[in-house]
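# Examination of the molecular architecture
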Amino acid sequence: MPLTAVQQARLRDDLQGLIKGDVRCDEVTQQLFATDASILQSRPACVVYPRNAEDVIAVVRYAAEMGVPLHPRGAGTSLTGESLGEGIILVLSRYMRRILHTGDDFVTIQPGLLRRRLNGIIDQSQNRIFGPLAGNVSSASLGSILARNGAGLHYLRYGLPSDHLMSMTVVLANGDLLTLDRNTLIQPLQGDDGSIALAQEITYGKEYVYAGKVAHILEGRTSEQLVESSSRLAVNRAGYAEHAVFQGKESHDVDLARLFTGSEGTLGVIVDATLKTVSLPQRKCAAAFFFTSIFKAVEAVSAIMPLRPVLCELIDRRRLNMVRDWDARYRPLIPADAEAALLIELDAGTLENPMDDNDCKDRLKHLIDIVQTRQLSYHALRVNTEEDFPLFDQVIRRSELALGRMLHSIQPIPLFDDVAVSLDVMDHVVRELLTLLQQHKITASFSGHIGQGHLRIHPLLDLAQQDAVSTLHGLAESIYSTILRYGGTISSEWGTGLLKSQFLPQQFPHLFPLFQEIKETFDPQHWLNPGKVIPLQTHWTKYVRHGLEKRGHTPPDSSGSSDSKHSGAKQPGDAPPNQLEIQLKWESAYVFESAYQCNGCGECLRFDRQSRICPLFRGTATIEFAPRSKADLIRGILEHDLDLEKLVGERAKEIADTCFHCRMCDIECPSKIDTSVLAFRSKAAYVAAHGLPFEDLVISRLDNILHGLTPFSGLFNAAMRNQAVRWICEKMFHIPQRRVIPPLASRSYLNRIRWSSRRHRTLPEPTGEEKVALFVDSFINHFDPLLAEWAVQILEHNGVSVHVPTRQRSSGRASFLVGHANRAERLARHNTAQLSELIRQGYKIVAIEPYSASCLTKDYRSLIDEAGSELMAENVSDFSSFLYRWHLANKLRLDFQPVPYRVGYHASCSGLVLSASLEADSVPAENLLRLIPGLEVKRIEQGCCGMAGLWGFQQQNYRHSLHIGIPLFRALRQPEIEFGVSDCCACCSQMAHGTRKRAFHPIRLLAAGYGFLSAPVLEE
Ligand SMILES: Cc1cc2nc3c(=O)[nH]c(=O)nc-3n(C[C@H](O)[C@H](O)[C@H](O)COP(=O)(O)OP(=O)(O)OC[C@H]3O[C@@H](n4cnc5c(N)ncnc54)[C@H](O)[C@@H]3O)c2cc1C
Ligand code: SF4
Ligand code: SF4
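A quick note: this is a predicted structure, and the numbers were derived from the prediction, not measured. (Residues numbered from 1 in each chain as written. Chains lettered and ligands numbered in written order. Predicted model: local features only at pLDDT ≥ 70, side-chain atom pairs only at ≥ 80, totals over all residues. Heavy atoms only, no water.)

Bringing the confidence of the model for the chain into the picture now. The pLDDT averaged across the chain works out to 89; a share of 92% of its residues lies at or above 70. Across residues 548-582, where pLDDT falls below 50, the model places 65 contacts with residues more than four positions away in sequence or in other chains. (pLDDT = per-residue confidence, 0-100. Contact = heavy atoms within 4.5 Å.)

The biggest cluster of nonpolar side chains holds 129 residues, and the ones touching the most others in it are F660, L774, L795, V804, I845, F879 and L935. Here I845 is in contact with A773, F775, L835, L838, I839, L856, N875, V876 and S877, once residues within four sequence places are set aside. Ranked by size, the runner-up nonpolar core spans 114 residues in total, among them I270, L367, I368 and V469. (Core = buried A, V, L, I, M, F, W, Y, C linked by side-chain atoms within 4.5 Å. Buried < 20%, exposed > 50% of the residue type's maximum accessible area, 1.4 Å probe, protein only.)

It is worth spelling out the environment of P50 at this point. Among the structural elements, P50 can be located in the loop between β2 (46-49) and α3 (53-66). With 42 residues separating them along the chain, P50 and L92 place their C-alpha atoms 6.6 Å apart. (Helix = DSSP H or I, 4+ residues; strand = E, 2+ residues; numbered from the N terminus.)

Simply put, disulfide is the name for a covalent bond between the sulfur atoms of two cysteines. Going through the model one piece at a time under the given rule, you end up with two disulfides. Between C25 and C46 runs a disulfide, and the two sulfur atoms are separated by 2.2 Å. The sign of the -45° torsion about the S-S bond sets the C25-C46 disulfide as left-handed. Residue C25 is found in the loop between β1 (22-24) and α2 (27-32), and its partner C46 is found in strand β2; the two are separated by 21 residues along the sequence. (Disulfide = S-S within 2.5 Å.)

This part takes up helix α1 (residues 5-18). Under the 1.5 Å per step criterion, the end-to-end length of α1 is 20 Å for 14 residues, consistent within 8% with the ideal 20 Å. All of the buried residues in α1 are Q8, L11 and L15. Mapping the buried residues of α1 onto a view down its axis gives an arc of 55°, with all of them on the same face. The exposed residues of α1 that point more than 90 degrees off its buried face are A5, V6 and G17. In this structure, the buried side of α1 is in contact with β1, α2, β2, α3 and β4 (88-91). (Expected span 1.5 Å × (residues − 1). Arc of directions from axis to C-beta.)

Take empty space enclosed by the protein next. Going through the model one piece at a time under the given rule, you end up with eight cavities of 30 Å³ or more. In this structure, the largest cavity occupies an estimated 130 Å³ of space. Looking at the largest cavity, it is lined by 17 residues, and the ones nearest its centre are Y851, C909, S910, A948 and C987. Within the residue set of the lining of the largest cavity, elements represented by two or more residues are α40 (909-915) and α43 (985-995). When the residues that make up the lining of the largest cavity are grouped by side-chain class, the tally is 11 nonpolar, five polar and one charged. (1 Å grid on protein atoms, 1.4 Å probe; cavity = no way out; pocket = protein on both sides within 12 Å on 5 of 7 lines; lining within 4 Å. Points joined across faces, edges and corners; volume = space filled by probe spheres on them. Nonpolar A, V, L, I, M, F, W, Y, C, P; charged D, E, K, R; others polar.)

Okay, structure coming up:
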């Protein structure tokens, strides 16, 4: 039963008084925690972020007292709705994510720590890792890995997570704290739950009491229960692990920790755990096999498994194709006609105990021979070098995520994506399931960790179709019955959650009552994560997320242009905001698609250095600030789960403001969600309702202000050197006093072109074979006109005709940043009209900075629904990309003179987004720099610099901005680097600010190379 507003307010106040952590009960937060990566939805009453075990105990006790359910949650990426519910969500991944202790071969952690982060740290310091991976590679928290104890991708190499658990501390539903040490297992003194319990507790601790109770339950197992228990698959993850509680043959030691692993947060909350670590595996022998049918692949698995691979993954045609499309590097590697592939890896020992190389290679050869002589696979690919392994891993990883890239309403439904059967029946099962799907007229994708019997079956369905849920229901009944008929399990890793627990009695008709007894031993009132393992009365289909059409949704506002009604700031006497007043332009299908395309996968919850997403989430580990939350927020509005007014509230603004539009989501979110636009629409809604704050107006109109100030640049520059003036600027305009402001040019570049030279003003008589119109943008126009001049010189030196359209205006990125939609849209229209006309005349548009190019191509497309914006998207590039393409066409002049410096190159986020890859070994600007003789270029990949255009210029963001840039600054400070280089001027200014070393745009170095600079680079 959802709580009333009064109950909720009380809940919040009470909890906040009880704990050191944070409590959030507002509707927006509830909405953000109402979903995970499953197809389900359930809105919680409250969200609590405990700081320590004491907080957890306090919340648990309070929840029990008040009769409110409690749902432990890590990153919330479960595929079965495991952490969803109507009670209090206990988020452990925000504060409780520390490594508490590191030993030689073990580590003690808090539960909210992500496995990937732990491994990143101990891999570097000790060459060791926590092996098992029962979860999403990027975002699985260790608490959830233990709470689910799934077999996972690395099962064949490492076994189950519980095999690596040494001890754990758990908080029970009544607030009891149990320390469960597997080195000193409990031998219950008495097998009943009765009279001497108190004495036991006083003498030995509560652990003995619970061990006694569990032993009592298990000793009473019936013969049917024992048969059912012993016939579980090794990788079964459905139900409690009652089969593994008794350890030792003679005396029955009770392993309560083993029982808690895999209990899906229903028996207790894990507050810390000590885990064994393992030496890094050697990776020498792997291969990919391609097949003409999925059945041949399945047959090959039986031939391969006797050779004991440590990995055996099945990927079907649909996923293979998506992987090929995702990354061009795979196109030559994955045959286009393959119906299925198996990815195999053999054990090559560990760093500490490597195996003989030849032995591994011989085994691989033998394996390939077997598969090929039996004519199972038609093509095999060996993974030969160390460098190839990341590519190999990525195929697996991307194949898991690839279906999320399907850009239409038919989506892969994660419902049967975790079944398992033994390998000897796999062939029959796959055949039967395919027939079943055909009968239901549904296509599906098949993949999985097939070496351990795991199958991931994703039916492709449009959930918004009227009968979709009942189709799913029917399908679930038939598919699970088939799996169970073959002795399989409905869950081998994910757990059963809200989605599948209702099928548990079917899988374990005899054991299920025993599961209930176990549950009631630890949580008699069912307060802990109800609905998981022991199902609720409510049918699972009631939790299925409602689709758009199903809710009869009409987009908010479809009338009028924003220009006519809004000028940004609210006028005195205006009526209070109402829904119609909010001009969102949500009729654009683009916003709908972006919000709906997010499947909650959690790829954006990353902290590792192999990724840049999301600079603003990283610092806080606050899930509400992750890219995912922007989609959740907008979807909540679209589905009427949140009132439109909530979108213009402070909480929604806080969430939207945690996007500075770096657009890394474009390339790193597997589903290609345009979170930048979603955040912009939220900001714009707020501005439409409340007007633009003065300081944001200053940012948004900075280009106009600079234009007005240029004639007084001398005065302005002197004033900016005066700390008293800077202090006033900070107080009035929120421009941080300590931020370095470069000297304003005495004449803007465009003005120079306009008045002092007609050379580039009128359309040139093309002398070169390519005509380029140069887009300058605000910063270079007002602060660094020389850069624009060199850009023109470089282009002309290379035979390109350059025209500088003097009626161009600022790109509008600053207006976009603050949600000033009217102005952003006006600028977009103006520039699009100017530039698209030139494009029609055969010009290519070259923006000096990728930041501007990204705005002209990507932001404009979401601002104005016009053919012109499409034209721009196709014909605009940034300077470095244009010039590098020129080089690839053998047209770039290489008459460089030596530029003898050692520079650290930082690729701007926009530059990476335009090159569409973070993994690219190099990006255009870097490649160009490497052509200059004498210049030593070191690529520094330490994430975002934290500046994001004018974001870092805002007082409220100043510290955070520098904080984000710290890893980059550290790398740049290395003595071997003389100065920094980046193709974004804002990045350069941040790099210089954070390191006290100068930083330049590559144009400066190219100009030096071509001899256009009158003085050495550093002295100009
Ligand atoms: C693209 C993708 C691929 C995936 N691949 C796999 C896979 O290969 N194998 C696999 O097993 N899963 C997989 N998953 C599912 C999911 O990633 C895992 O379930 C993951 O471990 C969840 O981690 P989380 O931190 O998000 O947990 P959450 O979803 O937050 O929680 C999961 C469960 O753990 C419980 N829990 C969390 N913390 C605690 C705690 N401290 N104490 C007690 N209980 C707790 C929760 O109550 C819940 O029952 C995948 C998911 C996605 C989106
Ligand atoms: S925004 Fe992208 S990466 Fe993040 S959860 Fe959604 S789909 Fe996954
Ligand atoms: S665009 Fe950048 S800042 Fe915005 S959500 Fe994505 S990664 Fe974060």
